[in-house]
Amino acid sequence: MNKYLISPLLLTLFLQGCGGSSSSTPPKPPEPVEYNFSLTSQLTNDCGVSSAFTDVELLLQDEAWQTLEVYPADASGVISFVTENEFINYTLVAKNQQGTEIEGLNVVSFYQASSETAAHYQAQYDERVDNDTTCQCIIKNLELSHRSFETQTSVTSSLEFASSSVIDKGMTLFEGVKVCGTLDGAWPLSSFSILGTDSNGKEIGAAGFSEDFNVSDDVWLVSGVEAADAFQLSPPYQETSSNQLIRNVKHFSTQVPEGETSLLIFDTHIHVSETYYQSQASVTFKLNDGLYKSAISKNIHQITLTSASDSLILLAGQHQPAFDYPDFAEIKPDYSYDYSAIVGYPMAIIHYTFTDLTMPAKWTFYGPEKGLLAISADLKGYEDIIKVDSEPKTIDVQLIKSKMTNHYSDYIKYYQGDRALDMTNDFVKDMTAAELALKL
């Protein structure tokens, strides 16, 4: 037998042991997943019509908040790009102006935001609001007729007004009421309310609605036919407030101090079928100022439901939140931070205001309970305005907990979206917060 002959079986085994034949090909690497990120920047006028706001740009950043790319808004106020990252860090830098104040900057940073979630930026620049092209705004006095009041303790409206005065026990004057509607005469549903006492000292309320604001009227007239009911609060009788959300507008704002056992709410009016009741209980702790001009912490519990009575089943935490008093050293000199000692709050919202700069600025950061603030790195293109060592005027911290979820990804998706159109989302129907306000 020829000792150099190798059987076909042995040859096959040999080739398999060496990795197979040379004709085999390695598996193809998986195709990268691409995400189309899009953010819409808008400015909204006084009658709710939105237009593009273009004085904003997005800085795409890495884990250390170093800028990777800068994306300006297009003519439609849209910022869009393609990324292979499902979650991204970014900072928005926008021009900002309010009332009679000078132009400043509004800076908003998001940690690990969802690339798949449609993002939104609601701009504020009062001097650029266009109320002429699509709106008509009128300012007139309005008289609300109502049941007899011996005393008035609260006068409110969903509209802006200058002041109020008593005409007589059954008539109240709202002075300088401003209403804005579309040019075709569609006016917003608006409410006017009075709280007080009757001749027997009983707490009472009266309210009326209007969607008809005739431009030729000298004075608008509204009948306050809606009555308020007293709802009992639960001990320990914390400071409590209530609003009603109707068509995403707040109505009938009222508040009672700590120790009050009941609250007046309008719960039988003609729009009750489309109403959400938003109630909030809070406990405030005024802390020794120490290094700060003032230091205040607070516990908050907020519920938003379609039932007035259910919305008042509230209890804010009664113990002082475990902030690092008196040093408040959760934020380190390198801008790393850690609020995990206050257990159970997946989201931290940290807000800085700066006034001693070349232009005023505010910076809001959305992130988890501990991490690194975006202010730890210079903003590309704005280094001459906000520096890493710039001294803030105020620092406000909100730690947020939604009963719906403990997952941070759910929180960041909500806050990067259009919250103005989402005030009754399940995410906000039962929320608690621990807050800290520092004035330097």
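Each value, and the rule that gives it
- Positions within a chain are numbered from 1, following the residues in the order the chain's sequence is written.
- The predicted nature of this model means local features are confined to residues of pLDDT at least 70 and side-chain atom pairs, given and counted, to a pLDDT of 80 or more, with totals for whole chains, interfaces and linings taken over all residues.
- Side-chain descriptors were evaluated using all non-hydrogen atoms of the structure, hydrogens and water having been removed beforehand.
- A pocket here means an open set of points on a 1 Å grid, computed over the protein atoms alone, that has protein on both sides within 12 Å along at least five of seven lines. A cavity is instead a set of points where a 1.4 Å probe fits but cannot get out; residues with an atom within 4 Å of a point line either one.
- Grid points are joined across faces, edges and corners, and a volume is the space filled by probe spheres set on the points.
- Basically, the charged four are Asp, Glu, Lys and Arg, the nonpolar ten are Ala, Val, Leu, Ile, Met, Phe, Trp, Tyr, Cys and Pro, and anything else, Gly included, counts as polar.
- Paired strands are those between which DSSP finds at least two bridges.
- Numbering of helices and strands runs from the N terminus, with a helix taken as a DSSP run of H or I at least four residues long and a strand as a DSSP run of E at least two residues long.
- To define axes, lines are fitted to C-alpha atoms, for helices over the stretch in contact only, and angles between the resulting N-to-C directions are given on a 0 to 180 degree scale.
- Pairs of cysteine sulfur atoms within 2.5 Å are what we label disulfides.
- Exposed residues in this analysis have more than 50% of their type's maximum accessible area, buried residues have under 20%, and partly exposed residues fall in between, with area computed by a 1.4 Å probe over protein chains only.

## A few points about the layout of surface pockets
Of the volumes computed, that of the second largest pocket is approximately 340 Å³. Along the walls of the second largest pocket sit 20 residues, with Ile331, Lys332, Tyr335, Tyr352 and Ile395 positioned nearest its centre. Here the residues of the lining of the second largest pocket are counted per class, giving 14 nonpolar, 1 polar and 5 charged.

## Re the sheet that holds strand S9 (residues 135-145)
Strand order in the open sheet formed by 4 strands is S11-S12-S9-S15, and the pairing between neighbours is mixed. Each edge of the open sheet is held by one strand with a lone partner, namely strand S11 (163-168) and strand S15 (219-223). Pairs of neighbouring strands in the sheet enclose a mean axial angle of 40°, with direction left out of account.

## Comments concerning the state of the cysteines
One pass over the structure, following the stated rule, counts 2 disulfides. The disulfide partner of Cys47 is Cys135, and the S-S distance across this bridge is 1.8 Å. One quick way to see it: the torsion about the S-S bond of Cys47 and Cys135 is about -100°, and its sign makes the bridge left-handed. Of this pair, Cys47 sits in the loop between strand S1 (35-44) and strand S2 (50-52) while Cys135 sits in strand S9, placing them 88 residues apart in sequence. Note on Cys135: relative accessible area 4%, which makes it buried. Put simply, Cys137 and Cys180 are joined by a disulfide, and their sulfur atoms are 2.0 Å apart. Between Cys137 and Cys180 the disulfide shows an S-S torsion of about 115°. By sign, it is right-handed.

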